[in-house]
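Below are the chains, spelled out letter by letter.
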Amino acid sequence: MKLNVRLYGSGYRFSSVKEVLAKANEPKSGDVLAGVAAENDRERVAAKIVLSELTVHDLRENPSVPYEQDSVTRIIQDDLDEAEYRRIEGMTIGELREWMLDEETSGDDILKASRGMTSEVIAGVSKLMGNLDLVYASRKIEVRSHCNTDFGLRGCFASRLQPNHPTDEPAGVLASTLEGLSYGIGDALIGLNPATDSVENTAAIMNLFYETRMRYEIPTQTCVLAHVTTQMKAVRAGAKADLCFQSIAGSEKALSAFGVSTGLLEEAQQMFREMGSGEGPNVMYFETGQASELSSDAHFGADQQTMESRCYGLARHYKPFLLNSVVGFMGPEYLYDGRQLIRAGLEDNFCARVHGVPMGCDVCYTNHMKADQNDVDSLTLLLANAGCNYVMGLPCGDDVMLMYQSDGFHDIACVRELLGLRPLPEFEAWMERAGIWENGRLTRRAGDASLLMTMNGGAVR
């Protein structure tokens with residue numbers, strides 16, 4: 001295994017595969033903070049050259065965290081299809097990149113082969129791709145799932161309606177929910193981040209969403225993004241929820257910082273299949289974000305993008321209904337500006353889709369980043385072209401509880417119209433019945449929440 005290269009008259013030697021992966025990464029402020037980034041562009045190019053010549057076997061044998069020490073590594077390694085792995089183990093990462101970008105290689109071909117790839121392999125391929133490469137390869141892949149509705153269909157651009165409220169006041173939550181629905185938002189999910197993580201509060205919002213979904217016969221899924229243990233207690237007490245949510249990370253130590261273990265996720269999945277209000281079989285919802293491992297001192301010297309890819313390797317074990325990266329939520333310490341934000345979003349979408357995970361993105365930024373709504377617009381358009389399954393829909397793109405910026409209701413409608421994309425089919429039919437969608441676009445009646453109040457017997461109380 002060769003870990004050195006001569007470039008522009010200078011020699012570059014790397015101590016490990018982990019260092020090669022880190023220094024081949026595109027610039028990220030988090031990697032600089034962690035002390036693993038390339039010192040300059042020349043070293044970055046040298047690392048990319050070395051990475052391109054390493055094989056699938058080399059990367060499998062050198063996981064970011066040792067197999068014996070980490071349950072995430074064990075899941076990623078043990079889940080591999082050994083026949084697929086043996087078929088591709090001699091390919092270099094550079095050859096794998098060229099194969100994925102070949103116009104003769106289909107999305108199904110990539111998904112079949114990816115069952116033999118560890119998360120480090122998939123991350124390695126992404127580090128050799130430009131932004132347009134990431135869009136092109138990602139767009140090939142279709143990943144389907146089902147809870148109450150089908151998800152991940154080609155030609156659809158879905159949304160999670162996020163009616164967060166500073167105090168979880170039911171009337172305020174319901175008002176934002178109905179407004180979002182009136183713009184055709186919420187076909188992927190109606191999901192709230194609670195201000196108060198208590199069983200009583202979580203159960204109340206779960207039941208509010210369930211009653212809203214049933215009263216208006218909305219073909220979608222509902223979820224309250226409390227801690228997994230809080231959701232489990234609420235459902236055991238009789239609350240109604242279709243999906244079980246949890247933030248996940250790329251190492252066992254980082255999972256522990258979230259108060260989660262792989263065993264707990266297994267338990268939650270089984271419980272929601274038996275007691276949740278969703279049809280299934282896919283009942284899990286995960287969120288990730290580059291650098292959560294660094295923020296909890298649990299990255300083990302690996303770069304943030306490789307650790308993010310390991311999140312997707314963990315996620316695919318549980319066959320989630322959906323997953324999304326909250327790409328800019330961690331702030332400038334990890335993604336400094338709009339350029340880094342856009343790159344990270346495209347990497348996340350590519351790595352998740354190659355893993356076979358139904359992928360969305362919260363195209364977001366915090367107010368102290370060197371980013372703005374123009375960057376959100378640019379990344380949202382790129383992701384929609386790259387086959388990203390869904391984004392967040394917030395009133396005016398502004399989360400008044402979490403205090404960050406994302407996509408607004410109108411942004412999603414605009415992208416659908418620009419690119420000829422549609423809501424999920426069952427939801428689109430519901431929008432037509434509500435009078436807010438006709439001939440593939442919103443009607444002039446869209447945005448009038450009172451239209452919903454007359455459907456199926458009137459308002460939720």
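J.: I would appreciate a short explanation of the overall build of the protein in the present structure.
T.: In terms of regular secondary structure, the protein is built from 22 helices and 16 strands. Against the globule reference of 23 Å for 461 residues, the protein gives a C-alpha radius of gyration of 22 Å, in line with a compact fold. Seen through its C-alpha atoms, the protein measures out along the principal axes to roughly 75 × 45 × 45 Å. In the protein, 78% of the contacts between residues at least 6 apart in sequence involve partners at least 24 apart. Here the protein has roughly 17000 Å² of accessible surface; of this, 49% comes from carbon and sulfur atoms. Between the centroid of the 43 positive side chains of the protein and the centroid of its 65 negative side chains there is a distance of 2 Å.

J.: How do you make sense of the packing of aromatic side chains when you look at a structure like this?
T.: Two measures describe an aromatic ring pair: the distance that separates the ring centres and the angle between the ring planes. This structure, assessed with the given rule, holds 7 aromatic pairs. A centroid spacing of 5.1 Å and a plane angle of 40° characterise the contact between F151 and F321, whose relative ring orientation is tilted. Separated by 170 residues along the polypeptide, F151 in strand 4 (residues 150-151) and F321 in the loop between helix 17 (304-317) and strand 10 (322-326) bring together distant segments of the chain. Across this residue pair, the class does not change: F151 and F321 are buried. Measuring from centroid to centroid gives 5.3 Å for F427 and W430, while their planes differ by 40°, and the two rings are tilted.

J.: Just checking my understanding: could you explain the pattern of salt bridges for this structure?
T.: Between side chains of opposite charge, a pair can form when the charged atoms approach closely. On inspection of all chains with the given rule, the structure shows 22 salt bridges. Of the charged contacts in the structure, one is a salt bridge between E82 and R60, with a shortest N-O distance of 2.9 Å. With E82 in helix 6 (residues 82-88) and R60 in helix 4 (residues 56-60), this residue pair connects regions lying 22 residues apart in the sequence. Across the pair D297 and K253 runs a salt bridge whose closest N-O atoms are separated by 4.0 Å. With D297 in the loop between helix 16 (292-295) and helix 17 and K253 in helix 14 (residues 252-257), this pair connects stretches of sequence that are 44 residues apart. The exposure class of D297 is exposed, given its relative accessible area of 54%. Because the salt bridges share partners, they merge into one network encompassing E19, K23 and E43.

J.: For this particular structure, what's the right way to read unusual backbone geometry?
T.: Leaving glycine out, the prevailing phi sign among residues is negative, and the prevailing peptide bond configuration is trans. Note that the residue after G280, namely P281, is joined by a cis bond; omega there is 10°. Along the chain, P281 falls in the loop between helix 15 (262-275) and strand 9 (284-288). With a phi angle near 60°, M403 is a residue other than glycine that sits in the positive phi range. Position of M403 among the secondary structure elements: in the loop between strand 13 (398-399) and strand 14 (404-405).

J.: In this structure, what is going on with the sheet that holds strand 8 (residues 244-247)? I would like to understand it.
T.: Strand pairing within a sheet occurs via backbone hydrogen bonds; the two strands may be parallel or antiparallel. With respect to topology, 8 strands assemble into an open sheet ordered 7-6-5-12-11-10-9-8, the strand pairing being parallel. Whereas interior strands pair on both sides, the edge strands pair on one side only; in this sheet they are strand 7 (222-224) and strand 8. Along the sheet, successive strands turn relative to each other by an average axial angle of 25°, direction set aside. With 3 bridges joining them, strand 6 (residues 189-192) and strand 7 adopt parallel strand pairing. Directly across from I190, in strand 7, lies its bridge partner T222. Across the sheet, helix 12 (residues 199-215) touches strand 6 and strand 7, and the angle it forms with strand 7 is around 165°. Together, strand 8 and strand 9 form the strand contacts of helix 15, whose direction differs from that of strand 9 by roughly 145°.

J.: Explain the nonpolar core here, please?
T.: Burial of nonpolar side chains together is a common tendency in soluble globular proteins. Judged by nonpolar contacts, the single largest core of 119 residues is most densely connected at L51, M100, M117, L181 and F350. At 8 residues, the largest contribution of residues to this core is made by helix 18 (residues 338-355). Within the second largest apolar cluster, 18 residues are counted, among which are F151, Y285, L322 and L424.

J.: What exactly am I supposed to notice about the packing of helix 10 (residues 131-139) against helix 18 here?
T.: Helix-helix packing is described using two parameters, namely the angle between the two axes and the distance between the axes. Between helix 10 and helix 18, the shortest axis-to-axis distance is 9 Å and the interhelical angle comes to 30°. Judged by the inter-axis angle, helix 10 sits roughly parallel to helix 18. Considering how the two elements wind past one another, helix 10 and helix 18 form a crossing that is left-handed. Two secondary-structure elements touch here, helix 10 through N131, L134, V135, A137 and S138 and helix 18 through I342, R343, L346, E347, N349, F350 and R353. When its residues are assigned to classes, the contact of helix 10 with helix 18 shows 6 nonpolar, 3 polar and 3 charged.

J.: What's the story with the packing of helix 7 (residues 93-101) against helix 9 (residues 119-127) in this structure? I'm lost.
T.: Interhelical geometry of helix 7 versus helix 9 gives an angle of 70° and a closest axis separation of 9 Å. Judged by the inter-axis angle, helix 7 sits roughly perpendicular to helix 9. For the pair helix 7 and helix 9, contact is made by I93, L96, R97 and M100 and by V121, G124 and V125, respectively. For the contact of helix 7 with helix 9, a count of residues per class yields 5 nonpolar, 1 polar and 1 charged.

J.: Explanation requested: the pairing of strand 11 (residues 359-362) in the structure shown.
T.: Every regular strand shows the same layout, with side chains that alternate between the two sheet faces. By the alternation rule, side chains of strand 11 split into M359 and C361 and G360 and D362, which are all buried. When strand 10 meets strand 11, the two strands line up parallel, connected through 4 bridges. Residue pairing in the sheet places V326 in a bridge with D362 of strand 11. In this fold, the crossover linking strand 10 to strand 11 by way of helix 18 has right-handed handedness. Two strands pair when backbone bridges link them, and strand 11 and strand 12 (residues 390-393) are joined in this way by 2 bridges, in the parallel orientation. Each residue of the ladder has a partner; that of C361, found in strand 12, is V391. On the question of chirality, the crossover connecting strand 11 to the parallel strand 12 by way of helix 19 (residues 373-385) is right-handed.

Basis of the calculations
Residues numbered from 1 in each chain as written. Predicted model: local features only at pLDDT ≥ 70, side-chain atom pairs only at ≥ 80, totals over all residues. Heavy atoms only, no water. Helix = DSSP H or I, 4+ residues; strand = E, 2+ residues; numbered from the N terminus. Rg over C-alpha atoms; globule rule 2.2 N^0.38 Å. Contact = heavy atoms within 4.5 Å. Areas by Shrake-Rupley, 256 points an atom, 1.4 Å probe, with all protein chains shown as cover. Lys, Arg positive; Asp, Glu negative; His and termini not counted. Charge placed at Lys NZ, Arg CZ, Asp CG, Glu CD. Phe/Tyr/Trp six-rings, centres within 6.5 Å; stacked < 30°, edge-to-face > 60°. Buried < 20%, exposed > 50% of the residue type's maximum accessible area, 1.4 Å probe, protein only. Salt bridge = Lys/Arg side-chain N within 4 Å of Asp/Glu carboxyl O. Pairing = 2+ DSSP bridges. Axes fitted to C-alpha atoms, helices over the stretch in contact; angles between N-to-C directions. Core = buried A, V, L, I, M, F, W, Y, C linked by side-chain atoms within 4.5 Å. Parallel < 35°, antiparallel > 145°, perpendicular 65-115°, else oblique. Left-handed = near helix turned anticlockwise from the far one by under 90°. Nonpolar A, V, L, I, M, F, W, Y, C, P; charged D, E, K, R; others polar. Right-handed = clockwise from strand over helix to strand, strands pointing away.

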